[in-house]
Amino acid sequence: MRTAFDIVKAHYDANLRRDMDGMLADIAPDCRWTEMDGFPCAGTYVGPQEIFKNVFQALGQSFDGYTFTLERLLNAGDDVVAVGEYTATNKQTGKSFKARVVHVWGVAQDKIRRFEQFTDTLRVAESMR
């Protein structure tokens, strides 16, 4: 059986390959995915389809080169914490941003059940003005 750490690492490995199916593969149908208040796609979305539409697709429509770079992945049993950086360029304004970010994951029964993002939303907002 894979550990929570293995499951979250597989998500980030898929992200590096730009493999959306791989990124969504371990997300449970009832996963609650929360993007931080003040972020362009702020809110809580449930399940892979809502997450794809309201997060990944929405960010791709608004930004060029949207990238998460993983710096550290911390194992906390059924929880995993990722520390890294977002970079992108807003399509409308042409302004780029770089923002530190922390992701907190909850895994149970071999599936991602919770995700919460913490980031510097001001940096992102500045790129949109």
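Structure first, text after, so check above.
On a predicted model such as this, the values are computed, not experimentally measured, just so you know.

Draft legend 1. The pattern of salt bridges, seen in detail. In the structure shown here, the tally under the stated rule is ten salt bridges. The closest approach of N and O atoms between Glu-71 and Arg-72, which form a salt bridge, is 3.7 Å. Under the relative-accessibility criterion, Glu-71 is labelled partly exposed at 48%. For Asp-120, the salt bridge is made with Arg-123, and the minimal N-O distance between the two is 3.5 Å. Here Arg-123 falls in the partly exposed class, since its relative accessible area comes to 35%. Connected through shared salt-bridge partners, Glu-71, Arg-72 and Arg-100 make up one network.

Draft legend 2. View of the sheet that holds strand E1 (residues 27-35). Read across the sheet, six strands follow the order E2-E1-E6-E5-E4-E3 without closing on themselves; strand pairing throughout is mixed. Among the strands making up the open sheet, the edge pair consists of strand E2 (43-46) and strand E3 (63-76). Neighbour-to-neighbour, the strand axes of the sheet open up by a mean angle of 20 degrees, direction not taken into account. Across eleven bridges, the pairing between E3 and strand E4 (residues 79-90) is antiparallel.

Each value, and the rule that gives it
- Residues numbered from 1 in each chain as written.
- Predicted model: local features only at pLDDT ≥ 70, side-chain atom pairs only at ≥ 80, totals over all residues.
- Heavy atoms only, no water.
- Salt bridge = Lys/Arg side-chain N within 4 Å of Asp/Glu carboxyl O.
- Buried < 20%, exposed > 50% of the residue type's maximum accessible area, 1.4 Å probe, protein only.
- Pairing = 2+ DSSP bridges.
- Helix = DSSP H or I, 4+ residues; strand = E, 2+ residues; numbered from the N terminus.
- Axes fitted to C-alpha atoms, helices over the stretch in contact; angles between N-to-C directions.

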